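# Coordinates in review
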Amino acid sequence: MSESIVITRQLPGLQDMIEILPENWKVWISPHERNLRKEELIEKAHDATGILVFGERITEEVLEQLPKLKAITTYSVGLDHIDLEAAARRNITVANLPDEVTYTTAELGMTLILACTRRLLEADRIVRKSNPYFSNSSLICGNNLQGKTLGVVGFGRIGQRVAKMAKAFEMNIIYYNRSKKPDAEKELNAEYRELDQLLNEADVVILCVPGGEETKHLIGSREISLLKPTAIIVNIARGTVVDEQALTEALKEGRIKAAGLDVYEREPRTTPGLVELDNVILTPHIGTTTLEAQLQMTARALEKLRDSLLNRK
Ligand code: NAP
């Protein structure tokens, strides 16, 4: 049977890999490099049986207007933009990409940790500011990671991979997670802590929990107040996990040392005042943005969408 597919965005390698989908399937690919707006999605996918989405919000209201839909694949590990219960009620299969993004996202986490501890962007700005540049160690003194404690909040695939990388920098690992992970504890020589204790003890905190209601503002002003004044916090999870206003104020007042953020509470907007701060490093949600990861993700996303539809028959 022929299926009707909508792919909501241009993806790396897509043209070369489209043959992963059976030849007789009808495929519409958005010409845009951005997500489709809600109205565009509804218009283009009205008769679709399968959609490959990027970060578009797939709500009950959207699903109501896609009556033929049987399968959704999202080009991400995160599923917080999809109403999973509404999809299940309609017997729509939902697939994500849990394994393709782990290394690459963890590597960005490690990059942000290093950039914060060695004050990389401040150092870059010193060289650009004047020629000859003026620098001395009190202007740009960083810290070693060696011997410091990394607190991983969310000890799943990405959190454990960051911990593995941090071991190479001779860091000690503590973690907080909703369930304890005895195998990973053994493998990574990691110790469990309750969240408050972890925030109190860690030199660097990295957030690796999923987004959604359950983790909304897991790190709020009370939790931020538990951090050491020398602490660095890195968020590669979802912006909603952190109260961004409270974090901006803490950074501004020097109550913590620095932050590295790849995700934002109201993406793609940032909290007013955040971008003016020197002690924060900001990236535009590039956790999985490497050529290697994206090519792999495109292939797997097409395979998963194809298999979801074929397996339903
Ligand atoms: P994962 O393997 O499912 O790991 C998530 C971990 O968080 C699990 O160990 C889970 O515990 C734990 N957890 C869930 N809810 C919790 C809560 N309320 N309190 C404490 N721990 C909780 O997922 P992953 O592959 O590591 O990905 C994690 C998240 O990273 C994704 O959901 C996505 O939002 C984000 N991400 C961001 C980017 C980016 O571009 N910045 C890229 C990829 C992923 P259990 O084991 O008990 O379930």
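Refer to the structure printed above.
Owing to the predicted nature of the structure, the values given are computational and were not obtained by experimental measurement. Going along each chain's sequence as written, the residues are numbered from 1 onward. Reporting of local features is limited, given that this is a predicted model, to residues whose pLDDT is at least 70; pairs of side-chain atoms are given and counted only at 80 or more, and all residues count toward the totals for whole chains, interfaces and linings. Side-chain descriptors were evaluated using all non-hydrogen atoms of the structure, hydrogens and water having been removed beforehand.

Moving on to the pairing of strand E4 (residues 71-74). For a regular strand, the rule is simple: side chains alternate between the two faces of the sheet. Three exposure classes are used, based on accessible area relative to the maximum for each residue type with a 1.4 Å probe and protein chains only: buried under 20%, partly exposed in between, and exposed over 50%. By the criteria applied, helices consist of DSSP H or I runs no shorter than four residues and strands consist of E runs no shorter than two, each listed in order from the N terminus. What you see with E4 is no split at all: Ala 71 and Thr 73 on one side and Ile 72 and Thr 74 on the other are buried throughout. DSSP-based pairing: two strands are paired if at least 2 bridges between them are found. The sheet contact formed by strand E3 (residues 50-53) and E4 spans four bridges and is parallel. Paired with Leu 52 across the strands is Thr 73, a residue of E4. When E4 meets strand E5 (residues 93-95), the two strands line up parallel, connected through three bridges.

Here we come to unusual backbone geometry. For the bond from Asn 131 to Pro 132, the omega torsion is 5°, close enough to zero to count as cis. That bond from Glu 267 to Pro 268 is cis: its omega, 5°, falls within 30 degrees of zero. Within the secondary structure, Pro 268 sits in the loop between strand E11 (258-261) and strand E12 (280-282). The backbone of Glu 170 sits at a positive phi, close to 65°, despite the residue not being glycine. Position of Glu 170 among the secondary structure elements: in the loop between helix H8 (157-168) and strand E7 (172-176). Taking relative accessible area as the criterion, Glu 170 reaches 47% and is therefore assigned partly exposed.

In terms of nonpolar packing, the biggest core is built from 31 residues, with Ile 113, Leu 150, Val 152, Phe 155, Ile 206 and Ile 236 touching the most fellow members. Going through the elements one at a time, helix H5 (102-117), strand E6 (149-153), H8, E7, helix H9 (182-188), strand E8 (190-192), strand E9 (204-207) and strand E10 (232-235) are the ones with two or more residues in this core. For this core, the element with the most residues is H5, which contributes seven residues. The contact criterion used throughout is that any non-hydrogen atoms of two residues lie within 4.5 Å. Not counting residues up to four positions away in its chain, the partners in contact with Ile 206 are Gly 109, Ile 113, Leu 150, Gly 151, Val 152, Val 153, Val 162, Val 234 and Ile 236. The criterion is simple. A nonpolar core is a set of buried Ala, Val, Leu, Ile, Met, Phe, Trp, Tyr and Cys residues joined through side-chain atoms within 4.5 Å. Within the second largest apolar cluster, 29 residues are counted, among which are Leu 207, Leu 247, Ala 250 and Tyr 264.

Two elements in contact, H5 and H8, have axes whose closest approach is 8 Å; the angle formed by their N-to-C orientations is 50°. Here H8 runs oblique to H5, going by the angle between their axes. Here H5 and H8 pass one another in a crossing that is right-handed. Together, Thr 102, Tyr 103, Thr 105, Ala 106, Glu 107, Met 110 and Ile 113 of H5 and Arg 157, Ile 158, Arg 161, Val 162, Met 165 and Ala 166 of H8 make up the contact between the two elements. To obtain an axis, a line is fitted to C-alpha atoms, over the contacting stretch when the element is a helix, and the angle between two such axes runs from 0 to 180 degrees between their N-to-C directions. Each angle is binned into one of four classes, with values under 35 degrees roughly parallel, values over 145 roughly antiparallel, values of 65 to 115 roughly perpendicular, and all other values oblique. By definition, any crossing whose near helix is turned counterclockwise from its far helix by less than a right angle is left-handed, and any crossing with a clockwise turn is right-handed.

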